[in-house]
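# Coordinates in review
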Amino acid sequence: MSAVDAARGRFADLTRAEQGVVGFVVLLAALLLFGLVTGGLAPTYFLYLVGLVGMYVLLSFGLNVQWGYTGLINFSVAAFFGIGAYGTALLTADNSPIGADGWQFSLAGVELVWVSGARLYGLLPLTVLGLLVAVALAAVVAVAIGIPTLRLRADYLAIASLGLAEVVRLLFLNQRGVTNGSAGLRGLPGFFDGWPVLGTLPQTLPGVQVHEVAVPGLGSTRLLGFTLGAPFWQALLNVGLVLAMVAVVFAVLRRVHRSPWGRVLRTIRSDEDLAEALGKDTYAFKMQSFVLGSVIMALAGVFYAHLNLFVSPGNLEPINTFYVWIAVILGGSGSNRGAIFGGFVVIAIREGTRFLGEVLPASFPLDLPLVTSTYATVVNNFASTRLLAVGLLIILVMRFRPQGVLPPQRELIWPASVAASAGPGETDPRETVTEDAAAGAPETGSDSDAEPDDPAARNGGEDDE
Amino acid sequence: MSVLEYLANGLVFSSIIVLSSIGLSLVYSIANFANFAHGDTMTVGAYTALVTFGFVGTLGAEVLGLPLGFFLALVVGVAVAAAVAVLTHKIVYEPLDIGSIGLLITSIGVAFVYRAIIQLGFGTGFVEFQIPLLRPIEALLPYGIRMTLHDVAIVGSAAVLVAGLHALLQYTDLGRKMRATADNPSLARVSGIRTDRIEIWTWVIGAGLAGAGGVFLGLYNNISPRMGFNILLVVFAAVILGGIGSVYGAMVGGFLIGMINQLTPILPRLGQEIPFVPESFGIPIGIEYANAIVFLIMVAVLLVRPSGIAGEEAT
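All residue numbers refer to position in the chain's written sequence, counted from 1. Each chain gets a letter, beginning with A, and each ligand a number, beginning with 1, in the order they are written. Local features are withheld for residues below a pLDDT of 70 in this predicted model, meaning they are given only at 70 or higher, and side-chain atom pairs are given and counted only at 80 or more; totals for whole chains, interfaces and linings count all residues. Side-chain numbers here rest on the full set of heavy atoms in the structure, without hydrogens or water.

Right, let's talk about the overall build of chain A for a bit. In this text, helices come from DSSP runs of H or I with a minimum length of four residues, and strands from runs of E with a minimum of two, each type numbered from the N-terminal end. Along the backbone of chain A there are 19 helices and nine strands. Within chain A, buried positions represent 51% of all 465 residues. Any two residues whose heavy atoms approach within 4.5 Å at even a single point are treated as in contact. Taking all contacts inside chain A whose residues are at least 6 apart in sequence as the whole, residues at least 24 apart take part in 76%. Accessible area for chain A stands at about 21,000 Å²; split by element, carbon and sulfur atoms hold 66% of it. When accessible area is computed with a 1.4 Å probe and restricted to protein chains, residues below 20% of their type maximum are described as buried, those above 50% as exposed, and intermediate ones as partly exposed. Reported accessibility uses the Shrake-Rupley method at a 1.4 Å probe radius. Residues are deemed covered only where the shown protein chains occlude them.

Written as structure tokens, this is what we have:
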């Protein structure tokens, strides 16, 4: 009973937006559970979706570092995602033109590294090397793109980064000798292939046959009828991998966001001239933030490559960049909790439209002259509703809630300082912060991030001069 | 193919880029944001013309290998593109209370909505105007130029539109007000210019030219929902090269970028085309990188001279 009360108390403690998000998550979880129980949703596919959510959360974290913390308007998310995916795929794919078969590094006659099967002999699994290569490649490209673009004005940076992302995509598409061109790379191993224990775990785990679900006191019913075999365990392993990645990145970013380094980034976002005046090398800070964000995006790409076991230049299409932008601005720029929420919404859009397209009847039930034909065209091209949903969502968020659903209010403050300031007789510190953020009061350091258009407003002001 | 032929192709492609970049530059200078929906406005114009042409068909006599019905479809495409842009301005952009970056992001959403609606109606495939292909003009063949009357029509129409815009800007009251507003919105406002009206006219002219560019692009290649978005960055490159906010800069930038884009195939055999250079000289790069070259030029311009050819000093 007290647990229920505690939960209710905590729920009442949340802001309205947070309550809404909790409601959304509960509803989504209930829907998925319903699908699982009734057998409409295969467990392996469900885990695949969870993996994709984790991937979008990682991408959103990466963009959050760049746009949410620092105000860098980076439209090359897909490029860094693709670099991560290709970085590992080029080393590990079956049909990779520069595959790892027979690879050797030797120095002065001494063989330093050699490859045997899926393992770097005696050293580490090939997929780990792939991850390291992907991350290093992303960091190098981030510096290469950052050097020319990070000094540019915000809107120029947007255009230039989109252009350079297209250059990267064209390179992957057309350098067939290296990347296999539009055919893509296939036959990638799972991330844990070649690892000591985890590599063979899915095969050794027993298949579980689930037939009956017993509810104590109500008897048992035959609800589920599927076998949990090796593919299921494999998918579970992938989910574990992405959850570990998300957890580590989240922990690092939370620390980073509140650190002195993160505070400089936030200062740059809200007033770059001020940061300069305080003696900060803003260009260096921007570069660090850009590289950090790009590396996180590449990490998402590495995960995707070993989840999907196939990568192609299509993964570098600009639309993928804008999916991530949706996740970040909807969740709340600068808010990592918001980024997680955004990841869920993006998958809900991507998979929900697919699901709806299959569920809708092929022809309109009533025979009306114009409606029937319109309905038929719409259903035939239903995949396009995904694009429509993304577009409308961008417009509606910018119109009605430009700070996002979960703006970073308390995320920016060390919990200890919140506890310290909450003396007796004072108002709830959270409320204070919320109101300050809403009113845009300049005293607290936190509110500078509450509005995602801060750099924009500053920019507009400059233009007017 | 001969260099002259590449130049001719470049001229046709440049005409299309010039039309679209003028519109983008106008909107950039007066509405004060980078409009990512500009490319999809071109697509709107192209599909409207396609539908209209389907109705009026081979109406009337032929001019430059095109039935008069095509020119009617062009006018309808321009009008609808302009109307859609003004509606979008009224419904989406005007009520927004955010800075130029917020508008930029919103315009991406607008671009997706345009494209999604087109895809819902027409699918994602390629379509073409039902106009029979022409043989190249005989008189030009001896010079190694394969150019059809349709290409001449594109260049000619673009020239007429550009000349008309020049006249509008220089010799009419509206043009003067537009230039004043682009130059200094606050001063224009206190001088008694109703800048919100000027802004609507800017959308009409900018989107109308984009619609025309889209129709010609559809005639030049083919029509697909992604055509506008695919060419958007090339148009941005032209605007940035010319200098953001300058209409005449956009003309020059559009011309240069279109030419560079079409002349890429010459790069590997530069030595054979240019005198006093060794025959073997060339830059080994394929036409598949034509757009990549343009984007790199764009970034280079942003770095070295962000104000472009004709723009004022960057603010």
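Counting its regular elements, chain B contains 12 helices and two strands. On the principal axes, the C-alpha backbone points of chain B span a range of 60 × 50 × 40 Å. Buried residues in chain B amount to 56% of all 315 residues. Of all intrachain contacts in chain B linking residues separated by at least 6 positions in sequence, the fraction that spans at least 24 positions is 75%.

By the secondary structure assignment, Asn336 of chain A is in helix H14 (residues 336-359). Judged by relative accessible area, which is 1%, Asn336 of chain A ranks as buried.

What follows concerns unusual backbone geometry. Even without a glycine there, the phi angle at Leu309 of chain A is positive, about 60°. With respect to the helices, strands and loops of the structure, Leu309 of chain A is situated in the loop between helix H12 (282-308) and strand E9 (310-311). Positive phi is not limited to glycine here, since Asn32 of chain B has a value of about 65°. Residue position: Asn32 of chain B is located in the loop between helix H1 (3-30) and helix H2 (38-56).

Attention shifts here to the packing of aromatic side chains. Any pair of Phe, Tyr and Trp rings, taking the six-membered ring for Trp, is counted once the centres come within 6.5 Å. Such a pair is stacked with planes under 30 degrees apart, edge-to-face with planes over 60 apart, and tilted for the rest. In this structure the tally under the stated criterion is 23 aromatic pairs over all chains. Through pairs of rings, three or more aromatic residues link up here, namely Trp67, Phe75, Phe322 and Trp325 of chain A together with Phe36, Phe112 and Phe236 of chain B. Remark: a charge is flagged as sitting over a ring if the NZ atom of Lys or the CZ atom of Arg is within 6 Å of the ring centre and within 35 degrees of the ring normal. Its guanidinium or amino end placed over the ring of Tyr283 of chain A, Arg151 of chain A lies 3.8 Å from that ring's centre, counting from NZ or CZ. Just above the ring of Trp67 of chain A sits the side chain of Arg269 of chain A; from NZ or CZ to the centre is 4.9 Å.

This part takes up helix H4 (residues 77-92) of chain A. The end-to-end C-alpha separation of H4 of chain A is 23 Å, in line with the 22 Å expected for 16 residues at 1.5 Å each. Burial analysis of H4 of chain A places 16 of its 16 residues in the buried class, which makes it a mostly covered element. For a helix, the expected span equals 1.5 Å multiplied by the number of residues minus one.

With that out of the way, let us pick up the packing of helix H3 (residues 43-69) of chain A against helix H13 (residues 318-331) of chain A. The description of two packed helices rests on the angle between their axes and on the distance between the axes. Residue and element names in this part refer to chain A. Fitted lines through C-alpha atoms give the axes, limited to the stretch in contact for helices. The angle between two N-to-C directions lies from 0 to 180 degrees. Orientation of H3 relative to H13, taken along the N-to-C sense of each, is 75°, at an axis distance of 9 Å. Taken together, H3 and H13 sit at an angle that is classed as roughly perpendicular. Contact with H3, carried on its side by Tyr56, Leu59, Ser60, Leu63, Asn64 and Trp67, involves Asn320, Tyr323, Val324, Trp325, Ala327, Val328 and Ile329 of H13 and no other residues of that element. A breakdown of the residues in the contact of H3 with H13 according to their chemical character gives 10 nonpolar, three polar and no charged. For classification, angles of less than 35 degrees are called roughly parallel, those exceeding 145 degrees roughly antiparallel, those between 65 and 115 degrees roughly perpendicular, and all remaining angles oblique. Each residue gets one of three labels, nonpolar for Ala, Val, Leu, Ile, Met, Phe, Trp, Tyr, Cys and Pro, charged for Asp, Glu, Lys and Arg, and polar for the others, Gly among them.

Residues and elements named next belong to chain A. Between helix H9 (residues 230-258) and helix H10 (residues 260-270), the shortest axis-to-axis distance is 4 Å and the interhelical angle comes to 70°. When the interaxial angle is binned, H9 and H10 end up roughly perpendicular. Where H9 approaches H10, its residues Val256, His257 and Arg258 are matched on the opposing element by Pro260, Trp261, Gly262, Arg263 and Arg266. In the contact of H9 with H10, the residues fall into three nonpolar, two polar and three charged.

Right, let's talk about a nonpolar patch on the surface for a bit. Like charges are joined within 9 Å and nonpolar side chains (Val, Leu, Ile, Met, Phe, Trp, Tyr) within 5 Å, but only among residues with over 30% relative accessible area and no salt bridge; these make up the patches. Salt bridges are identified by distance alone: a Lys or Arg side-chain nitrogen within 4 Å of an Asp or Glu carboxyl oxygen. Residues Leu11, Val252, Phe255, Leu256, Ile260 and Ile309 of chain B make up a contiguous nonpolar surface patch of roughly 430 Å² in combined accessible area. With four residues, helix H10 (residues 247-263) of chain B is the largest single contributor of residues to the nonpolar patch.

Let's shift gears to the environment of Gly57 of chain B. All names here are of chain B. Here Gly57 shows up in the loop between H2 and strand E1 (62-63). Sequence separation between Gly57 and Leu72 is 15 residues, and the spatial gap between their C-alpha atoms is 9.9 Å. Beyond its immediate stretch of four places on either side in the chain, Gly57 contacts Thr52 and Gly69.

Now for H3 of chain A. Taking 1.5 Å per residue as the helical rise, H3 of chain A with its 27 residues ought to reach 39 Å, and the 37 Å between its terminal C-alpha atoms agrees with that figure. The quantity called bend is, for any residue, the angle between two axes fitted respectively to the seven residues ending at it and the seven beginning at it. Along its length, H3 of chain A reaches its greatest deviation from straightness, about 35°, at Leu63 of chain A.

This next bit is on the confidence of the model for chain B. Residue and element names in this part refer to chain B. Looking at chain B as a whole, its pLDDT mean stands at 88, while 97% of the residues score no less than 70. Residue-level confidence of the predictor is what pLDDT reports, using numbers from 0 through 100. Here helix H11 (residues 270-273) stands out as the element of chain B with the lowest mean pLDDT, 75, in contrast to helix H3 (residues 68-93), whose mean of 94 is the highest. Overall fold confidence for the complex sits at a pTM of 0.85, while the interface term, ipTM, reaches 0.90.

Moving on to the interface of chain B and chain A. Each partner contributes to the interface: chain B provides 47 residues, whereas chain A provides 47 residues. Counting the surface lost from both chain B and chain A, the interface buries some 4,100 Å², and carbon and sulfur atoms represent 76% of this. Here chain B and chain A share one salt bridge between them. Glu317 of chain A is the partner of Arg226 of chain B in a salt bridge, and the nearest nitrogen-oxygen pair spans 2.9 Å. Where the side of chain B that touches chain A is concerned, the elements lending two or more residues are helix H4 (100-122), helix H9 (227-242) and helix H12 (290-304) of chain B. With 18 residues, the single largest contributor to the side of chain B that touches chain A is H4 of chain B. Among the residues making up the side of chain B that touches chain A, the classes are represented as 32 nonpolar, 11 polar and four charged. What gets called buried area is simply the loss in accessible area from a 1.4 Å probe that two parts show on being joined, summed for both.

This part is about the pattern of salt bridges. Applying the stated rule across the entire model yields eight salt bridges over all chains. We note a salt bridge from Arg153 of chain A to Asp155 of chain A, for which the minimum N-O separation is 2.9 Å. Accessibility classification places Arg153 of chain A together with Asp155 of chain A in one group, the buried group. Its salt-bridge partner being Asp40 of chain B, residue Arg115 of chain B comes within 3.5 Å of it at the nearest N-O pair. Of this pair, Arg115 of chain B sits in helix H4 while Asp40 of chain B sits in helix H2, and the two are 75 residues apart along the sequence. Using a relative accessible area of 0% as the deciding quantity, one classes Asp40 of chain B as buried. Each of Glu166, Arg169 and Glu317 of chain A together with Arg226 of chain B takes part in one network of salt bridges that share partners.

Here, the term nonpolar core denotes a set of buried Ala, Val, Leu, Ile, Met, Phe, Trp, Tyr and Cys residues that are joined through side-chain atoms within 4.5 Å. Core analysis: the biggest nonpolar cluster contains 205 residues, and Ile73 and Phe75 of chain A together with Ile22, Phe36 and Phe129 of chain B have the highest contact counts within it. Here this core takes 16 residues from H12 of chain A, the largest share from any one element. Beyond its immediate sequence surroundings of up to four residues, Ile73 of chain A is in contact with Trp67, Ala154, Leu157, Ala158, Ser161 and Trp325 of chain A together with Ile101 and Leu104 of chain B. Within the second largest apolar cluster, five residues are counted, among which are Leu47, Trp233, Ala235 and Val239 of chain A.

Assignment of secondary structure puts Ser15 of chain B in helix H1. On the basis of relative accessibility, which here comes to 8%, the residue Ser15 of chain B falls in the buried class.

A separate point is the confidence of the model for chain A. Mean pLDDT over chain A: 78, with 74% of residues reaching 70 or higher. Residue range residues 423-465 of chain A is modelled with pLDDT below 50. Its contacts to residues more than four positions away, or to other chains, number 64 contacts.

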